[in-house]
Amino acid sequence: MTFDFEVTPDDAERAGRASTKFKGIMKELGVPAQIIRAISIAMYEGEINMVIHANGGNIHCEIDEDKITIIMKDQGPGIPDIDKAMQPGWSTASDDARELGFGAGMGLPNIKKWSSSMTVESEAGVGTTLSMEFTL
């Protein structure tokens, strides 16, 4: 089963809608609560990154027998230094994003923590693709 979501750029009030919708879908399908929690946290973190850093994007979710895969693609500025972005507390969030309570530099580290596996591919001026898997 596959599900696709659009993330609106620069709309912090709508951030989290995709992860909330997918959470409901997973509940209906009987996905274990601890897996739903992990996916919801990781997907929300990615969604927030898409809103505050990357002009929105698309989320593709695929549910298989043994795993759930989530691919988040944006066409933002890209991540110049992925290793640095993986360090807790490091952030390039704008002052506006920080005033809304975002930009603590925990997005990618939290995604890595909660997912079974994660990869980040990014190219300056082209965008970023974040792939994460969750073992069922």
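Residue numbers run consecutively from 1 along every chain, following the written order of its sequence. Owing to the predicted nature of the model, reporting of local features is limited to residues with pLDDT of at least 70; listing and counting of side-chain atom pairs is limited to 80 or more, with chain, interface and lining totals taken over all residues. Side-chain measures here rest on the full set of heavy atoms in the structure, leaving out hydrogens and waters.

### Considering the sheet that holds strand 1 (residues 2–7)
Part 1: Read from one edge of the open sheet, five strands run 1-2-3-5-4, paired in antiparallel fashion. Looking along the sheet, the strands with just one partner apiece sit at the ends: strand 1 and strand 4 (117–123). In this sheet, neighbouring strand axes are inclined to one another by 10° on average, regardless of whether the strands run parallel or antiparallel.
Part 2: One ladder, built from six bridges, connects strand 1 with strand 2 (residues 57–63); its direction is antiparallel. The residue of strand 2 that forms the bridge with Glu6 is Asn58. For two strands to pair, DSSP has to find at least two bridges joining them. The numbering of helices and of strands both runs from the N terminus, where a helix is a DSSP run of H or I of at least 4 residues and a strand a run of E of at least 2. Helix axes are fitted only over the stretch in contact, all axes being lines through C-alpha atoms; the angle between N-to-C directions runs from 0 to 180 degrees.

### Looking at unusual backbone geometry
Part 1: Even without glycine at this site, Asn55 takes up a positive phi of about 60°.
Part 2: Tracing the sequence through the fold places Asn55 in the loop between helix 2 (33–53) and strand 2.

### Some words on the environment of Met72
Part 1: Considering the arrangement of structural elements, one finds Met72 in strand 3 (residues 67–73).
Part 2: Partly exposed describes any residue whose relative accessible area lies between the buried limit of under 20% and the exposed limit of over 50%, with all areas from a 1.4 Å probe on protein chains only and scaled to the type maximum. The exposure class assigned to Met72 is buried, which follows from its relative accessible area of 3%.
Part 3: Note: C-alpha distance between Met72 and Thr135 (63 residues apart in sequence) is 18 Å.
Part 4: Whether two residues are in contact is decided by their heavy atoms, any of which lying within 4.5 Å being enough. Filtering out sequence-adjacent residues up to four positions away, Met72 remains in contact with Met43, Gly46, Glu47, Met50, Asn58, Ile59, Thr128, Thr129, Leu130 and Met132.

### Here's the deal with the side chain of Glu45
Part 1: Position of Glu45 relative to the elements: it lies in helix 2.
Part 2: Note on charges: Lys and Arg go in the positive column, Asp and Glu in the negative column, and His and the chain ends are not counted at all. What counts as a salt bridge is simple: a side-chain nitrogen of Lys or Arg found within 4 Å of a carboxyl oxygen of Asp or Glu. Buried within the structure, Glu45 lacks any salt-bridge partner; Lys113 is the closest side chain of opposite charge, at an N-O distance of 9.3 Å.
Part 3: When near neighbours in sequence (up to four residues on either side) are disregarded, Glu45 contacts Met106, Gly107, Asn110 and Ile111.

### Side note on the pairing of strand 3
Part 1: Strand direction decides the pairing type here: strand 2 and strand 3, joined by six bridges, are antiparallel. Bridge assignment links Glu62 to a residue of strand 3, and that residue is Thr69.
Part 2: Between strand 2 and strand 3, which follow one another and run antiparallel, lie three residues.
Part 3: Alignment of strand 3 against strand 5 (residues 127–135), held across seven bridges, turns out to be antiparallel. For Lys73, the partnering residue across the bridge sits in strand 5 and is Thr129.

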